[in-house]
Amino acid sequence: NKGFGAFERGNLDMAIDLLHQCIELSPEHGRARKFLRAASIQRFVKRYPSPVQKKFAELAAFPGYLKALMLLKSGKQDKALVAAERLLQKAPLNVKYVCLGADAALAAGHKDAAIMILETAREQTPNDPALLLHMGNTYQKAEDWRNARDTFNALINLRPHDAHAMKLLKDAEARLSMAGSWDSVDKEGKDGFRALIKDQKVA
């Protein structure tokens, strides 16, 4: 509550500090994490208004990236997530850092946090191919086939001749189709199952 209050007053440094403490104690606190992302982005944009300043800030944060990556590779997912959060407070718009933060959250068992980290970044950079690819893969890991399909479709619009992206899109569409078919079978009972088998294309 103190963190939310500081955010509303525009005291971004205090908001970030308090909200970080909150999610460190309670990683599943989605609202606190969302406000933390918003506060971090606002502070970064205000502090570094020019592209050159932003680039230097991201370079200065690189040691934090290496620390989070090492923790993640060594199997210390919870510590990696904390380190990634610290990293994203310093450079919240760097796609490479964002993707690592999402990977750390996913590895620590917080798939909603992973998706939120990526979606927040996409609001700022909606047409970054690397971000879209990572988002689509993360949706797949979370078995959110509809959003995976839509994300890969957006990637195809940017890269019409990307064979790998096209394959990922077809895989997501197939998964979504299968999920829809079996959902209908579950609702319709055995008659629905027989009707499905009769349709050779779906079978």
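Below is a summary of the structure that appears in this document. (Residues numbered from 1 in each chain as written. Predicted model: local features only at pLDDT ≥ 70, side-chain atom pairs only at ≥ 80, totals over all residues. Heavy atoms only, no water.)

Below, the discussion takes up the overall build of the protein chain. Looking only at helices and strands, the protein chain features 12 helices and zero strands. Mapped in sequence order, the helices and strands of the protein chain form the string α-α-α-α-α-α-α-α-α-α-α-α. Going through the 203 residues of the protein chain one by one, you find that 41% of them count as buried. When contacts within the protein chain are restricted to residue pairs at least 6 apart in sequence, those whose partners lie at least 24 apart make up 51%. Accessible surface, the protein chain: about 11900 Å² in total, of which carbon and sulfur atoms supply 54%. (Helix = DSSP H or I, 4+ residues; strand = E, 2+ residues; numbered from the N terminus. Buried < 20%, exposed > 50% of the residue type's maximum accessible area, 1.4 Å probe, protein only. Contact = heavy atoms within 4.5 Å. Areas by Shrake-Rupley, 256 points an atom, 1.4 Å probe, with all protein chains shown as cover.)

Another aspect to go through is the packing of aromatic side chains. According to the stated counting rule, one finds five aromatic pairs in the structure shown. Ring centres 5.5 Å apart and planes at 25 degrees place the aromatic pair phenylalanine 62 and tyrosine 65 in the stacked group. Here phenylalanine 62 pairs with tyrosine 65, and both are found in helix α5 (residues 62-73), just three residues apart, close to one helical turn. Note on phenylalanine 62: relative accessible area 33%, which makes it partly exposed. Grouping aromatic residues by their ring pairs yields a cluster made of Phe4, Phe7 and Phe35. (Phe/Tyr/Trp six-rings, centres within 6.5 Å; stacked < 30°, edge-to-face > 60°.)

Quick look at the nonpolar core now. For soluble globular proteins, nonpolar side chains are generally found buried alongside one another. Counting 41 residues, the largest nonpolar core has Tyr97, Val98, Leu118 and Leu131 as its most contacted members. Those elements giving two or more residues to this core turn out to be α5, α6 (77-90), α7 (95-107), α8 (111-124), α9 (129-141), α10 (145-158) and α11 (163-188). It is α7 that contributes the most residues to this core, eight residues altogether. Counting residues in each nonpolar core, the second largest holds 11 residues, with Leu12, Ala32, Leu36 and Ala39 among its members. (Core = buried A, V, L, I, M, F, W, Y, C linked by side-chain atoms within 4.5 Å.)

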